[in-house]
Amino acid sequence: MLQDDVMMSRRALLTGAALAGTGVAVAGSLWHDRAAPEPQLLRIPDLIDLRGMGQSASLKVQRGTTSFFPGRESRTLGYNGSYLGPTLRVHSGDDVEVAVTNALGDDTTVHWHGLLVPAEVDGGPHQLIRPGTTWRPVLPVRQPAATLFYHSHVHDRTAEQVYTGLAGVLLVTDDEENLFGLPSEYGVDDLPLVLQDRQFEDGRLVIPNGMMTLMAGRRGDTMLVNGTVNPIARVPRQLVRLRFVNGSNARIFDLSFRDGRTFHWIASEGGLLELPVKLQSLSLAPGERAEVLVDFSDGRSVALQTAPDRNMPTMMRMVGGPRNFLRDLVDLDHERVLAFEPTETAGHRTKTTVPDRLVTRPNPDSSRAVRRRRFALNMGMGGMMAMMAGRGGMMEGGRGSGMAMAGINGRAFDMDRIDEKVRLGDFEIWEASGEMMAHPLHIHGVHFQVLSRGGAKPSVRDQGIRDTVLVKEPVELLVQFTQPATRAAFMYHCHILEHEDNGMMGQFTTD
Ligand code: C2O
Ligand code: CU
Ligand code: CU
């Protein structure tokens, strides 16, 4: 505990000092020292199972106030609440309708990240929901059980809206996953965990700004899980399923348990793996999800922690000095994410062993690919220098701006330009690489598998069916296009949301 307090104050000091140096106002940044919050019970978002609701649900996008710290109100955004949203559970094979009413007074969209549905109901920047209106997409759910999420994807302001609270968990379930006896009692032994880092000043949520911040993506000095600061989860003394969703704007988590215990990774973005993978740590980039099984049957309390994140543009690492607040932020020790407190539960019956095998899926067959496309996620040195000088970068900008800070293949996102055209049903190899730092590439409307990384075999964490993958060294992805994009386009972009908003995004249609 003492160690935690020391760590907390060191962090507050570093952030305060460094932010001051970059011209960002930090009133009362030492507030944490005086009022580190008591552990709070982990919030579990309400569960809406659409099967029990006549296959429909409503989401109201609204403003609210949230007390992350006792007695300190933050202005936030949420779905049906003040921060984040309910968990929606849908069943594979069903058609569901979600009525999204925009009560923000500002444009928004709701994107179903990881859901394989036609582009016109995907909720990307083209499916704008104007203030005071309701959008009613019908979503055909045709994919294996998986942990997905939904979030704002409004053009230019995705990062701000998500940072302020517009995200929620979307669970797909099916009969297949029920064969394995996995823990599945929502909120009891099956926990949705939206992991976010957020910045607070005087206990109130603030949106960091400034060029350095936008280059690296917005980070924060405080960990939230489902919007809870310093959370503690009471779990039964048995095997528990954790569904991690990286809902941060830019932070890569590297999760492990403080006592070094192992756990089993059982599902990637696209659903269950073939075999559980025993791990001691798991990294999770923005937009990625992972399901794990953890054994709490020994009854010992334990904290989940995350290692420092050193992913930032190369130049920032070189700049150094007190102005480099990011370097200060990330050179800290492990940071606590969530404490678990196992408790006795009477009459709870869940199979307490990790299954030997999970699903069987066809191996990726790259010989089926009909073409190869290359994508360089750009954040060039020239662009960065220009940014620092207060001008745009070298990237050909969208929307006639001429310049942009980030792009793909040298071009910034343009709503009116279709970058790629693919054929519905085709397999293709998409080869992607990232400049200056690692970028989580996400492709809408598809599942893919990683064929290679840096010219070699993919890593352990690359396995499984995915929709988001971290790229720096070139990765080869085998992508299958199963969803039509004729009346609207699908996006592909970096899931560091500040990069996305600043141009690191493209769009494709199908014919
Ligand atoms: Cu989770 Cu296009 O985004
Ligand atoms: Cu998506
Ligand atoms: Cu990026």
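How each quantity is defined
Residues numbered from 1 in each chain as written. Chains lettered and ligands numbered in written order. Predicted model: local features only at pLDDT ≥ 70, side-chain atom pairs only at ≥ 80, totals over all residues. Heavy atoms only, no water. Helix = DSSP H or I, 4+ residues; strand = E, 2+ residues; numbered from the N terminus. Buried < 20%, exposed > 50% of the residue type's maximum accessible area, 1.4 Å probe, protein only. Salt bridge = Lys/Arg side-chain N within 4 Å of Asp/Glu carboxyl O. Donors = N, O, S within 2.8 Å, 3.2 Å for Na, K, Ca; no water. Core = buried A, V, L, I, M, F, W, Y, C linked by side-chain atoms within 4.5 Å. Domains from an automatic or database assignment. Contact = heavy atoms within 4.5 Å. Polar contact = N/O pair within 3.5 Å; in protein donor to acceptor, adjacent residues only side chain to side chain. Pairing = 2+ DSSP bridges.

**Student:** Could you clarify how one ought to interpret unusual backbone geometry in this entry?
**Tutor:** Most peptide bonds adopt trans geometry, and most residues besides glycine take a negative phi value. One non-glycine residue, Asn80, lies in positive phi territory at about 60°. Here Asn80 shows up in the loop between strand 4 (72–79) and strand 5 (87–91). By relative accessible area, Asn80 is classed as partly exposed at 38%. We note that Met436 has phi near 75°; this positive angle belongs to a residue other than glycine. Following the sequence through the fold, Met436 ends up in the loop between strand 30 (427–434) and strand 31 (439–443).

**Student:** Where do I start with the pattern of salt bridges in this structure?
**Tutor:** In a structure, side chains of opposite charge can pair up when their charged atoms sit close to one another. Taken as a whole, this structure holds 38 salt bridges when the rule is applied. A salt bridge links Arg241 to Asp190, with the nearest nitrogen and oxygen atoms 3.9 Å apart. Separated by 51 residues along the polypeptide, Arg241 in strand 17 (residues 239–246) and Asp190 in strand 12 (residues 190–201) bring together distant segments of the chain. Each member of the pair, Arg241 as well as Asp190, is classed as buried.

**Student:** Quick question: what am I supposed to make of the coordination of the copper ion (ligand 2) here?
**Tutor:** When four donors bind a metal tetrahedrally, each ideal donor-metal-donor angle is 109.5 degrees, and when six bind octahedrally, the ideal angles are 90 or 180 degrees. Protein ligation of the copper ion (ligand 2) involves His111 (NE2) and His442 (NE2), the donor distances falling in the range 1.8 Å. Of this pair, His111 sits in strand 7 (residues 111–113) while His442 sits in strand 31, placing them 331 residues apart in sequence. Overall, His111 belongs to the buried group, its relative accessible area being 1%. What makes His442 buried here is its relative accessible area of 0%.

**Student:** Help me out: how do you make sense of the nonpolar core in this one?
**Tutor:** Inside soluble globular proteins, nonpolar side chains tend to come together where they are buried. Formed by 37 residues in total, the largest nonpolar core has its most connected members in Leu377, Trp430, Ile443, Leu477, Val479 and Phe508. Those elements that place two or more of their residues in this core are helix 4 (211–216), strand 25 (369–378), strand 30, strand 31, strand 32 (446–453), strand 33 (468–471), strand 34 (475–481) and strand 35 (490–494). For this core, the leading source of residues is strand 34, giving four residues. Residue contributions to this core reach at least three from each of two domains, namely domain 1 (3–39 + 183–343) and domain 3 (366–510). Once residues lying within four places of it in the same chain are set aside, the contact partners of Trp430 are Arg373, Phe375, Val422, Ile443, Val475, Glu476, Leu477, Val479, Phe481, Tyr492 and Phe508. Among the nonpolar cores identified, the runner-up in size contains 30 residues, and Phe244, Phe263, Leu282 and Val292 belong to it.

**Student:** Got a minute to help me understand the side chain of His444 in this structure?
**Tutor:** Tracing the sequence through the fold places His444 in the loop between strand 31 and strand 32. Classification of His444 as buried rests on a relative accessible area of 0%. At a separation of 3.2 Å, a polar atom in the side chain of His444 contacts the side chain of His153. Contact partners of His444, with chain neighbours within four places excluded, come to His111, Asp122, His153, Phe490, Met491, His493 and Phe508.

**Student:** Is there a simple way to think about the coordination of the copper ion (ligand 3) in this case?
**Tutor:** Only His439 (ND1), Cys494 (SG) and His499 (ND1) from the protein coordinate the copper ion (ligand 3), and they sit 2.0 to 2.1 Å from it. For the copper ion (ligand 3), all donor residues lie on one chain, and their spacing in sequence is H-x54-C-x4-H. His499 matches Cys494 in its accessibility class, with the two residues each being buried.

**Student:** Help me understand the pairing of strand 12 in this model?
**Tutor:** The two faces of a sheet get side chains in turn, since along a regular strand they alternate between them. Where burial is concerned, most of strand 12 is hidden: twelve out of the twelve residues are buried. Burial along strand 12 is two-sided: Asp190, Pro192, Val194, Gln196, Arg198 and Phe200 facing one way and Leu191, Leu193, Leu195, Asp197, Gln199 and Glu201 facing the other are all buried. Direction of pairing for strand 12 relative to strand 17: parallel, over a ladder of six bridges. Pairing of Leu191 across the sheet is with Leu242, part of strand 17. With four bridges connecting them, strand 12 and strand 14 (residues 222–225) associate as antiparallel partners. Its bridge partner lying in strand 14, Asp197 is registered against Met223. Where strand 12 lies against strand 13 (residues 204–206), three bridges are found, and the strand directions are antiparallel. Residue pairing across strands places Glu201 opposite Arg204, the latter belonging to strand 13. In textbook terms, the turn of a hairpin is the stretch between consecutive antiparallel strands, and for strand 12 and strand 13 this stretch comprises two residues, one of which, Asp202, has a positive phi near 55°.

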